[in-house]
Structure formats: structure tokens, C-alpha cells
Amino acid sequence: VVSLSSDHDEYRPPVWKSYLYQLQQEAPHPRRVTCTCEVRTRFLSVKDADQLLSQAEGSYLIRESQRQPGTYTLALRFGNQTRNFRLYHDGKHFVGEKRFESIHDLVTDGLITLYIETKAAEYIAKMTINPIYEHVGYTTLNQEPTLKKHLPHSPEAPDGPAPAKDDCNTEERLTSLVRRATLRESDLAPKYEKVHNFKVHTFRGPHWCEYCANFMWGLIAQGVKCADCGLNVHKQCSKVVPNDCQPDLRHVKKVYSCDLTTLVKAHNTKRPMVVDMCIQEIEARGLQSEGLYRISGFSELIEDVKLAFDRDGEKADISSNAYEDINIITGALKLYFRELPIPIITYDAYPRFIETGKITDPEKRLESLHEALKLLPPAHCETLRYLMAHLKRVTQYEKENLMSSENLGIVFGPTLMRAPELDAMTALNDIRYQRLVVETLITNEDVLF
């Protein structure tokens, strides 16, 4: 499929496999059957339906159920037998997960699926063996000029996908597979593991799976697409794709409310830019500010900072010229942590950290906290380390800013640790332990990280 003899080989596009594409072309076409004879009742029996459909493969009709009036059955001829499916409608027609605008499209897709899964059951079961994905990774295979010279030539159907016909530049037409094959991997770049964010997707025109190189069959919802890096694969292939998503900035549209690992991988940084930039600004001009992190800035201006990061990324201006009040910057940093879809201290790790907060013996609490930190994803742990080191420096100016590690624990406890769907009373009781955990992290950051 793809052969890589050395790290300096030029990229050669994979050979897209055409077998399943050919089968889709061979699948029976739908033939709607209407009952032309006079019937004594509005109900059509199973036997009568079977007789009407026996004339050709792909024939179908819809009949009202005799046992449950008001419900309908799709009767479909396939494999020389009549198959019956309960038919539903909620604005669109469906018999399973997929929803269709018309019965004709539903039947067309169903016949394709039945035909391919019948004819190629063994082939489909082995699709994930020897995938092309394993041969095309994140290593640098060539320089950018070489990449442009060796863009994959779209083979003629049915051997491959049709070329994109748009006015985008050359690089934007690269599939995620080609993009991964040509990404430069810096020795200094953090190597955080990230799972793909797959969503069911309808592809326009023929598409091939970027994991197994096989055709993605059907009319709609033929497979899944990673919302972060754009990888297109079969639903079954998505279960075996490695956790090596490399987010693409074309898919990651914002900074706030974006998954932390997704953001740092998309920007190829160790930590979120918001954290680095805000902390640098605070340490440059705000460490002696009374009530630092406790006093809130104007919410409208904090929202402005958020919009600036979402719009401009690392080019956002958060200097004193733009925002004189340092409390606006501290507010923007706290807002970033609050809006993370998965908190810095993740939902999975939350119970372990709370249990740590309940330990009264200082030494045992430190040991437990050290073990709890191992449960965090690497990008979360690195961000937490950087933040705790910063807050430790804040406490060194306690005489001026009046912010002790205890005070900062009160502020950051609920910000960094959010209870995963606990009842109100339990969540309220957890607040004291959240404070103790953050306070211990600040005080002992040099030992714990």
C-alpha cells in the first residue's frame, strides 16, 4: 500500500482500494411497487406483500400493520426473500440510526448496505488488518516544496476519490492523511497523546477511509470525521485508530471552551497560550496588586479579552495599553479555566483528589496527591504545574497583595476542580477539600511536580 524505506523518502499517496466501490455500483436499484388490484381492506397481508414483491430484487412497498394500526412496515425484496422493517417518521424517514428525506433514498442506502455486507462480509471483517494509517504517521518525510510537487494524483474512479474542484490553495486540498505524512515534527514539540473527536459524517461524492483505504459506502452517514484533525474513517475503523490526533487549526476555531489537549496540539505548544500570556502579563505588572485574583475586573472587559484570544490567538493584545486594570487579566485567566469542557483536574481524577483533601496527615496527603497527579493527562498536568509555580510566586508577595496560599486555594479550588454531576449538598461539602488540595499544590509545587 504505502512503502516507507527511510525517513527521507518522498511521500507517495496510498492506493485506494476499489472493491467495495465496485460492489456499490452492482447493488440492486430500488423499485417501488404499488398495489393496483382492488382490495377489501386497507391492510395488506404479509403473504400478499411477498407476492407483489417477488417480481424483482430491490422491489419495495409500504404497508400498514394489521396488528398495530397506524404503524407502518417497509417490505423490501433482497436475496430472493422479503424483509420487513418497522418504518418511523419524525420529519425524516428511518428504520435505524440513519434518517432520510425520502423513502427512495432510505431504500437505496439499505440495498447498498445489505448487498455489500452480504457479498463482502469476510472482506469487511478483515479491513483493519494492515492499514495504510500505520505507514503514514507524523514523521517528516519531505520538505514543503517537495510536498507541493508530490501532491496525490486522484486516480480515476473507481480506483480513488474524485479531485476537489474549488479555488482553495494547494495545501487546503490535502487530506488529513497527507497532512499527517508531511507534518514537521519538532524535537521540542510536546508529544501529548490525544484521542480523535469522531462525529458521524455524510460525505459528498465518493470517499475512501483514511485508515484502511477502502471505499466508504452508502448514501449518507458513510463514516465518521474527526472534528479536530479532519481524519475520515469507517465507523468500525474508528475503534482501532491510534490516539494520535493532530488537530488542525482549520478545525479548531476558538481558544476558550476548547479541550485543553486539543488546543495545545493544534498550536504545537506545551501549554495553552492564554495561560502563558496571562501569567507573564500578571507577573510583569501585577504581583503586588492588592487582592490579586480575589478582586474581579469588569465582566465586559474580561469578555473582550476572551474574544481577543478567540479571534487573534497568540497575537491578542493584553498589555497595559489595552487593559490597564490587572484584574481584567486575572479574570480572563480564571474564565479560561472555568470554561474548559474538561477541567484542569479532570472529572475522572476528581474523586481521587477529593479523597486526598480529606487526609489529615501532611506527609500522607503529599504522597496521595503525588499519585493523584499521575491520573491527569500530560497537557493538564503541565498546565497545572505552571499555574501552581506562578501562584507560589504570588504568595511570595503576600505582604503587598494579601493573597496567601489559603486565599488562593479558596479562589482556585472551584475553578480548577468541578464536581462531576454531584448533588448540591455533596458539591457544597467538597468546597473545603478543593481549597485544601489547591493550597497543598501551591505550597508544595516544587516537590509535587
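Residues numbered from 1 in each chain as written. Predicted model: local features only at pLDDT ≥ 70, side-chain atom pairs only at ≥ 80, totals over all residues. Heavy atoms only, no water.

- If you check an unreviewed UniProt entry, the protein chain appears there as Chimaerin from Acanthochromis polyacanthus.
- As its UniProt record puts it under Function (unreviewed entry), the protein chain is described as follows: "GTPase-activating protein for p21-rac." (UniProt positions renumbered as here; feature names shortened; annotations may be inferred.)

1. Some thoughts on the overall build of the protein chain
Alright, step 1. From N to C terminus, the protein chain includes 18 helices and eight strands.
Alright, step 2. Out of the 449 residues in the protein chain, the part that is buried amounts to 47%.
Alright, step 3. Within the protein chain, contacts between residues separated by at least 24 positions form 66% of all contacts whose residues are at least 6 apart in sequence.
Alright, step 4. Of the roughly 23800 Å² of accessible surface on the protein chain, 48% is carried by carbon and sulfur atoms. (Helix = DSSP H or I, 4+ residues; strand = E, 2+ residues; numbered from the N terminus. Buried < 20%, exposed > 50% of the residue type's maximum accessible area, 1.4 Å probe, protein only. Contact = heavy atoms within 4.5 Å. Areas by Shrake-Rupley, 256 points an atom, 1.4 Å probe, with all protein chains shown as cover.)

2. Focus on the packing of helix 1 (residues 19-26) against helix 3 (residues 103-119)
Alright, step 1. For the pair helix 1 and helix 3, the least separation of the axes is 9 Å and the interaxial angle reads 130 degrees. Between helix 1 and helix 3, the interaxial angle falls into the category oblique. Read as a crossing pair, helix 1 and helix 3 show a hand that is right-handed. Two secondary-structure elements touch here, helix 1 through Y19, L20, L23, Q24 and E26 and helix 3 through I112, Y115, I116 and K119.
Alright, step 2. Residue composition of the contact of helix 1 with helix 3, by class: six nonpolar, one polar and two charged. (Axes fitted to C-alpha atoms, helices over the stretch in contact; angles between N-to-C directions. Parallel < 35°, antiparallel > 145°, perpendicular 65-115°, else oblique. Left-handed = near helix turned anticlockwise from the far one by under 90°. Nonpolar A, V, L, I, M, F, W, Y, C, P; charged D, E, K, R; others polar.)

3. Notes on the sheet that holds strand 6 (residues 198-201)
Alright, step 1. Spatially, 6-7-8 is the arrangement adopted by the three strands of the open sheet, whose pairing is antiparallel. Of all the strands in the sheet, the pair left with one neighbour each is strand 6 and strand 8 (232-233).
Alright, step 2. Where strand 6 and strand 7 (residues 223-226) come together, four bridges link them in antiparallel fashion. Counted as the bridge partner of K199 is K225 from strand 7. (Pairing = 2+ DSSP bridges.)

4. A closer look at the sheet that holds strand 5 (residues 93-94)
Alright, step 1. Taken in spatial order, the five strands make up an open sheet running 1-2-3-4-5, and their pairing is mixed. Single-partner strands in this sheet number two, and they are strand 1 (31-32) and strand 5.
Alright, step 2. In this structure, strand 2 (residues 59-64) lies alongside strand 3 (residues 72-78), joined through five bridges in antiparallel fashion. Looking at strand 3, one finds that L61 is bridged to A75.
Alright, step 3. Contacts between helix 3 and the sheet are confined to strand 2, strand 3, strand 4 (81-89) and strand 5, with strand 3 contributing the most and set at about 45 degrees to the helix.

5. Re the pattern of salt bridges
Alright, step 1. Summed over all chains, the structure comprises 20 salt bridges.
Alright, step 2. With its nearest N and O atoms 2.7 Å apart, the salt bridge here joins R250 to D248.
Alright, step 3. On the basis of relative accessibility, which here comes to 9%, the residue D248 falls in the buried class.
Alright, step 4. The shortest N-O distance in the salt bridge between E303 and K306 comes to 3.7 Å. Here E303 and its partner K306 are both found in helix 10 (residues 299-312), three residues apart, which amounts to about one turn of the helix.
Alright, step 5. Residue class for E303 comes out partly exposed when judged on its relative accessible area of 32%.
Alright, step 6. Given the relative accessible area of 14%, K306 is considered buried. (Salt bridge = Lys/Arg side-chain N within 4 Å of Asp/Glu carboxyl O.)

6. Comments concerning the nonpolar core
Alright, step 1. Formed by 66 residues in total, the largest nonpolar core has its most connected members in Y293, F309, F337, F353, F412 and L416.
Alright, step 2. Leave out the neighbours within four places in its chain, and F353 touches I345, L369, A372, L373, L376, M417 and V437.
Alright, step 3. Judged by nonpolar contacts, the second largest core, of 41 residues, contains L111, A120, I124 and M127. (Core = buried A, V, L, I, M, F, W, Y, C linked by side-chain atoms within 4.5 Å.)

7. Remarks on the environment of R86
Alright, step 1. In this fold, R86 is placed in strand 4.
Alright, step 2. Placed 15 residues apart in sequence, R86 and T71 show a C-alpha to C-alpha distance of 7.9 Å.
Alright, step 3. Other than its neighbours up to four places away in sequence, R86 contacts Q68, T71, Y72, F94 and V95.

8. Structural notes on the pairing of strand 4
Alright, step 1. Both strand 3 and strand 4 contribute to a ladder of seven bridges, which runs antiparallel. In the sheet register, F78 faces strand 4, and the bridge partner there is Q81.
Alright, step 2. What sits between strand 3 and strand 4 in their antiparallel hairpin is a turn of two residues, with G79 showing a positive phi close to 65 degrees.
Alright, step 3. Two elements, strand 4 and strand 5, share two bridges in a ladder whose sense is antiparallel. Looking at strand 5, one finds that H89 is bridged to H93.
Alright, step 4. Counted along the chain from strand 4 to the antiparallel partner strand 5, the turn is three residues long, and its residue G91 has a positive phi close to 110 degrees.

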